[in-house]
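What the coordinates show
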Amino acid sequence: MKKTILVTAFLFAMSFTSQAQLLQIGVKAGLNYANFSGTDIQTDAITSYHAGLLAEIKLLNKFSIQPELLYTTQGATYKTALGDFKNELGYIAIPVLAKIYLSKSFSLELGPQASFLLKEKNNFDPEDSNTFDFALDAGLGLKITKNIFVQGRYVLGLTEVSPNADAKNSVLQFSAGLMF
């Protein structure tokens, strides 16, 4: 009887360990270098930030899906004869990335991102931005250790930031994170 309980406990522990390797939860934060693209207006990039949660769901040996939930600030500054105006947009972003491992620690990441506007700091025309932004993300990831990683990513906005302008978000993101 003791052997049966011991074997059952061992098999249960092994099963739990293998399931834990299929799903990892983590946190990440980093810098954004954001600007608007597709506009005739001269804009300059702003440096901002992003932070949030992520999960990595391993489907195959070299393929995972990585959904994320981030708070990210994006935008640009405008130069006019009257001075510089800063437009900073705060989004909840939900990227869902296909993660292809090129080696044990180096990965290629690609996928869509849906973002919902939460906050707008606009020095000259408040409440002028669309509340939804759709983008395509592409980047690279590097696992430094089993639990620590860094990422670099480009976020290409596919929808206009405002109904009154042809501008779209364009963001370079650099992140560091920790998997649990």
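Above this text sits the structure in question.
Just so you know, these numbers come straight off a predicted model, no measurement behind them. (Residues numbered from 1 in each chain as written. Predicted model: local features only at pLDDT ≥ 70, side-chain atom pairs only at ≥ 80, totals over all residues. Heavy atoms only, no water.)

So, on to the overall build of the protein. Check the secondary structure of the protein and you find one helix and nine strands. When the helices and strands of the protein are read in sequence order from the N terminus, they spell out α-β-β-β-β-β-β-β-β-β. For the protein, with 180 residues in total, the buried portion stands at 38%. Residue pairs in contact within the protein that sit at least 24 positions apart in sequence constitute 58% of those at least 6 positions apart. A total accessible area of about 10,300 Å² is found for the protein, and carbon and sulfur atoms account for 69% of it. (Helix = DSSP H or I, 4+ residues; strand = E, 2+ residues; numbered from the N terminus. Buried < 20%, exposed > 50% of the residue type's maximum accessible area, 1.4 Å probe, protein only. Contact = heavy atoms within 4.5 Å. Areas by Shrake-Rupley, 256 points an atom, 1.4 Å probe, with all protein chains shown as cover.)

Before going further, it helps to spend a moment on empty space enclosed by the protein. Within this structure, the stated rule accounts for one cavity of 30 Å³ or more. The space that makes up the largest cavity amounts to roughly 90 Å³. Counting residues per element, the ones that place at least two in the lining of the largest cavity are β3 (46-60), β5 (83-101), β6 (106-122), β7 (132-143) and β8 (148-160). Here the lining of the largest cavity is built from residues that sort into six nonpolar, five polar and five charged. (1 Å grid on protein atoms, 1.4 Å probe; cavity = no way out; pocket = protein on both sides within 12 Å on 5 of 7 lines; lining within 4 Å. Points joined across faces, edges and corners; volume = space filled by probe spheres on them. Nonpolar A, V, L, I, M, F, W, Y, C, P; charged D, E, K, R; others polar.)

So, on to the packing of aromatic side chains. For the coordinates displayed, the defined rule picks out three aromatic pairs. Note on F116 and F132: the rings are 5.4 Å apart at their centroids and 55° apart in plane angle, and the pair reads as tilted. Highlighted residues: F116 in strand β6 and F132 in strand β7, separated in sequence by 16 residues. With relative accessibility at 37%, the residue F132 sits in the partly exposed group. (Phe/Tyr/Trp six-rings, centres within 6.5 Å; stacked < 30°, edge-to-face > 60°.)

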